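What follows is the residue order along each chain.
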Amino acid sequence: MTTRAPCPYIGGKTERKVFTELTGQHASELNDALGRIGFRRSQGVAYRPSCIDCQACISVRVVTQEFQPSASQKKLMKRHADLEVTACKPWTTEEQYVLLRRYLRARHPGGGMVDMDESDFADMVEQSPVKTYVVEYREPSTNGRPGKLVGACLTDQQAHGLSMIYSFFEPYDPKRAGLGTYIILDHIVRGGRAGLPYVYLGYWVETSKRMAYKARFRPLER
């Protein structure tokens, strides 16, 4: 099946997507196979751009075993090394939703997700037919109490890698600058330790400033 909508990345273009449902006992295997040829997952659907007159959207992935962080990336990893990271079951919490709302208002005020309510957020996270986690990033715990949630990423674990579906983080804390980059770096490190060869970053559009950060993770396969 296909859908059409205004392109969110290139003005004046119409986005066309082809998609298929991920259902049944082989949903994970299907998602893995489609992921290797450029599809992404959203809830119970796998999709990819299929625009007739444009091929700007390129699916990209980081090769975990060959990745070498830059000097600035090493500094970020050291700065945020105190964060406590937990891979949680895909169930939403009010704390996650409040952080998402704050992130969207700051970073994507005109985006299509800014009006997402708690029910929409629950659907995004919990309606998954594959192995999915919410990876939480928290300030250090004190007296046995969990620290403040400052970042989260909805992540699929596939046979050949980690697929970062959507990440969000605290946008206002200057002590936690660069959290978005750190979350990607952390996924690359953890994927490599688990023997997973790739971390999938979704689509990259060369002319989109919003996506320029993805080119900083190398080697990056198209």
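Cut-offs and rules
- Residues numbered from 1 in each chain as written.
- Predicted model: local features only at pLDDT ≥ 70, side-chain atom pairs only at ≥ 80, totals over all residues.
- Heavy atoms only, no water.
- Pairing = 2+ DSSP bridges.
- Helix = DSSP H or I, 4+ residues; strand = E, 2+ residues; numbered from the N terminus.
- Axes fitted to C-alpha atoms, helices over the stretch in contact; angles between N-to-C directions.
- Expected span 1.5 Å × (residues − 1).
- Buried < 20%, exposed > 50% of the residue type's maximum accessible area, 1.4 Å probe, protein only.
- Arc of directions from axis to C-beta.
- Contact = heavy atoms within 4.5 Å.
- Core = buried A, V, L, I, M, F, W, Y, C linked by side-chain atoms within 4.5 Å.
- Salt bridge = Lys/Arg side-chain N within 4 Å of Asp/Glu carboxyl O.
- Right-handed = clockwise from strand over helix to strand, strands pointing away.
- Parallel < 35°, antiparallel > 145°, perpendicular 65-115°, else oblique.
- Nonpolar A, V, L, I, M, F, W, Y, C, P; charged D, E, K, R; others polar.

**Topic: the sheet that holds strand β1 (residues 2-6)**
One key point about sheets: their strands pair by backbone hydrogen bonds, in either a parallel or an antiparallel sense.
Here is step 1: Here four strands make up an open sheet; going across it, the order is β1-β2-β4-β3 and the pairing antiparallel. Whereas interior strands pair on both sides, the edge strands pair on one side only; in this sheet they are β1 and β3 (40-42). Each strand axis lies, on average, 35° off the axis of its neighbour in the sheet, ignoring direction.
Here is step 2: The sheet contact formed by β1 and strand β2 (residues 14-21) spans five bridges and is antiparallel.

**Some remarks on helix α3 (residues 94-107)**
Here is step 1: Counted at 1.5 Å a residue, the expected span for α3 with its 14 residues is 20 Å, and the 20 Å between its end C-alpha atoms agrees.
Here is step 2: Residues of α3 that are buried: Gln-96, Tyr-97, Leu-99, Leu-100, Tyr-103 and Leu-104. Taken down its axis, α3 places every buried residue within 160° of arc, on the same side.
Here is step 3: The secondary structure elements touched by the buried residues of α3 are α4 (118-126), β7 (132-138), β8 (149-158) and β9 (161-169).

**Comments concerning the environment of Arg-61**
Here is step 1: Its location among the elements puts Arg-61 in strand β5 (residues 58-63).
Here is step 2: Distance in space between the C-alpha atoms of Arg-61 and Glu-221 is 5.3 Å, their sequence separation being 160 residues.
Here is step 3: Residues contacting Arg-61, with those up to four places away along its chain left out, are Tyr-198, Val-199, Tyr-200, Leu-201, Pro-219, Leu-220 and Glu-221.

**With respect to the nonpolar core**
Here is step 1: Residues Phe-121, Phe-168, Leu-201 and Phe-217 are the most contacted members of the largest nonpolar core, which totals 41 residues.
Here is step 2: At the level of elements, β5, α3, α4, β7, β8, β9, α5 (179-193) and β10 (198-204) are the ones that each hand at least two residues to this core.
Here is step 3: Those residues in contact with Leu-201 that lie beyond four places of it in its chain are Arg-40, Val-60, Arg-61, Val-62, Met-164, Ile-184, Lys-214, Phe-217 and Leu-220.

**A closer look at the environment of Gln-55**
Here is step 1: Residue placement: Gln-55 occurs in the loop between β4 (45-49) and β5.
Here is step 2: As a C-alpha pair, Gln-55 and Val-205 span 150 residues in sequence and 9.1 Å in three-dimensional space.

**Notes on the pattern of salt bridges**
Here is step 1: With the rule as written, the count across this model stands at 11 salt bridges.
Here is step 2: Salt-bridge contacts for Arg-138 lead to Glu-136; the nearest nitrogen and oxygen are separated by 3.2 Å.
Here is step 3: For Arg-176, the salt bridge identified is with Glu-139, shortest N-O distance 2.6 Å. Here Glu-139 lies in the loop between β7 and β8 and Arg-176 lies in the loop between β9 and α5, a separation of 37 residues in the sequence.
Here is step 4: Looking at Arg-176, the relative accessible area reads 7%, which means it is buried.
Here is step 5: Within this structure, Asp-82, Glu-139 and Arg-176 form a network of salt bridges that share partners.

**Here we look at the pairing of β10**
Here is step 1: Burial analysis of β10 places seven of its seven residues in the buried class, which makes it a mostly covered element.
Here is step 2: Across six bridges, the pairing between β5 and β10 is antiparallel. Within the sheet, the bridge partner assigned to Ile-58 lies in β10 and is Trp-204.
Here is step 3: Sheet topology note: the β9/β10 ladder contains three bridges and is parallel. The partner of Ser-163 across the bridge, within β10, is Tyr-200.
Here is step 4: Crossover handedness for the path β9 to α5 to β10: right-handed.

**Regarding the packing of helix α2 (residues 71-79) against α5**
Here is step 1: Look at α2 against α5: their axes get within 10 Å of each other, and the N-to-C directions meet at 90°. Between α2 and α5, the interaxial angle falls into the category roughly perpendicular. Judged by residue contacts, Gln-73, Leu-76 and Met-77 of α2 engage Thr-181, Tyr-182, Leu-185 and Val-189 from α5.
Here is step 2: Here the contact of α2 with α5 is composed, by residue class, of five nonpolar, two polar and no charged.

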